[in-house]
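The chain contents come next:
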Amino acid sequence: MSDAYCTDCKKETELVFDHSAGDTLCSECGLVLESHSIDETSEWRTFANESSNSDPNRVGGPTNPLLADSALTTVIAKPNGSSGDFLSSSLGRWQNRNSNSDRGLIQAFKTIATMSERLGLVATIKDRANEIYKRLEDQKSSRGRNQDALYAACLYIACRQEDKPRTIKEICVIANGATKKEIGRAKDYIVKTLGLETGQSVELGTIHAGDFMRRFCSNLGMSNHAVKAAQEAVQKSEEFDIRRSPISIAAVVIYIITQLSDDKKTLKDISTATGVAEGTIRNSYKDLYPHLSKIAPSWYAKEEDLKNLSSP
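About the thresholds
Residues numbered from 1 in each chain as written. Predicted model: local features only at pLDDT ≥ 70, side-chain atom pairs only at ≥ 80, totals over all residues. Heavy atoms only, no water. Phe/Tyr/Trp six-rings, centres within 6.5 Å; stacked < 30°, edge-to-face > 60°. Helix = DSSP H or I, 4+ residues; strand = E, 2+ residues; numbered from the N terminus. Buried < 20%, exposed > 50% of the residue type's maximum accessible area, 1.4 Å probe, protein only. Lys NZ or Arg CZ within 6 Å of the ring centre and 35° of its normal. Salt bridge = Lys/Arg side-chain N within 4 Å of Asp/Glu carboxyl O.

Enquirer: Please explain the packing of aromatic side chains as it appears in this structure.
Expert: Each aromatic ring pair is characterised by the separation of its centres together with the angle its planes make. This model, assessed by the stated rule, comprises five aromatic pairs. The interplanar angle of 65° and the centroid separation of 5.3 Å between the aromatic rings of tyrosine 133 and tyrosine 151 together place this pair among those described as edge-to-face. With tyrosine 133 in helix α3 (residues 123-138) and tyrosine 151 in helix α4 (residues 147-161), this pair connects stretches of sequence that are 18 residues apart. By relative accessible area, which is 7% here, tyrosine 151 ends up buried. Feature note: the residues Tyr255, Tyr285 and Tyr289 constitute an aromatic cluster, connected by ring pairs. Stacked on the ring of tyrosine 189, the Lys or Arg arginine 145 has its end atom at 3.6 Å from the ring centre. Above the plane of the ring of tryptophan 299 lies lysine 228, whose end atom (NZ or CZ) is 5.6 Å from the centre.

Right, dumping it as structure tokens:
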């Protein structure tokens, strides 16, 4: 109860709210001060046990604009005490027939959500992947293909478009057995199909070595001081024509920075954390070495340290 001014009592009185009628009443004279109030709080309702509040459930499921029926569905329950298989009855068959339209999409969205959660991706990337798959499904061209590879490829494209790229190897880990080659083919197929749909090429965004740096450094347990040096070094490396993939450049910069610190990392550890082969890191180091003095931050390493740096 709360206090408010009653026009009949001409004074401040306690108010009583009638939840069933939505009326606000004066506790002394019973005057209805406000009628048909709208309760804007969450519509929690306990279905498991009406006498307790331990299992609150919202009325209906969340809406999804990518589904035709969204949350506005009706489920016909099996009558109490009825015999026989409910799904074999006319009502059961009708309900089962009508629920098939979005069943495939719902399952796809669940799998994409699981993959996204395992990668630690934000909701915007998951939603973008769902949108990409929905557009692909509308073309009726995904049948007969490896669905897990398609789900993983949708996530890969979504990460690129949201400027939070992941490597194919990282995506492959959560792809339920789909191989790198299958995901790569699925990605090319999606880009081609969606490009034909719109008549324009699908923008995937540009990958920079710095996009992977913080995550790779975190996987190796590097200090904040070393991470800052690595980020600065990889940013300077973009000023030079180093014809290596951004992931390879990120890996070799991490190798250089860790070798210049007290907490040195082995080539094998860096290869495991970045997904770049040891041989690729060695070859990338040769391409990066001529620019080493201009790439490595002067506040992090002296010129003498760079001369004494051993190649991998």
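Enquirer: I'm lost on the pattern of salt bridges in this one. Help?
Expert: Between side chains of opposite charge, a pair can form as their charged atoms come close. This model, assessed by the stated rule, comprises 10 salt bridges. Between arginine 128 and glutamate 162 there is a salt bridge whose closest N-O contact spans 3.0 Å. Of the two residues, arginine 128 is situated in helix α3 and glutamate 162 in the loop between α4 and α5 (168-173); the sequence distance between them amounts to 34 residues. Arginine 128 gets classed as partly exposed once you look at its relative accessible area, which sits at 26%. Relative accessible area serves as the criterion here: at 25%, glutamate 162 is assigned to the partly exposed category. The partner of lysine 134 in a salt bridge is aspartate 138, with the nearest N and O atoms 3.0 Å apart. Within this pair, lysine 134 and its partner aspartate 138 are both found in helix α3, separated by four residues, close to a single helical turn. Given a relative accessible area of 47%, aspartate 138 falls into the partly exposed group.

Enquirer: Honestly, the environment of lysine 110 in this entry has me stumped. Any pointers?
Expert: Relative to the assigned elements, lysine 110 resides in helix α2 (residues 103-119). Looking at lysine 110, the relative accessible area reads 53%, which means it is exposed. On a C-alpha basis, the gap between lysine 110 and asparagine 130 in space is 9.6 Å, while along the polypeptide they are 20 residues apart.

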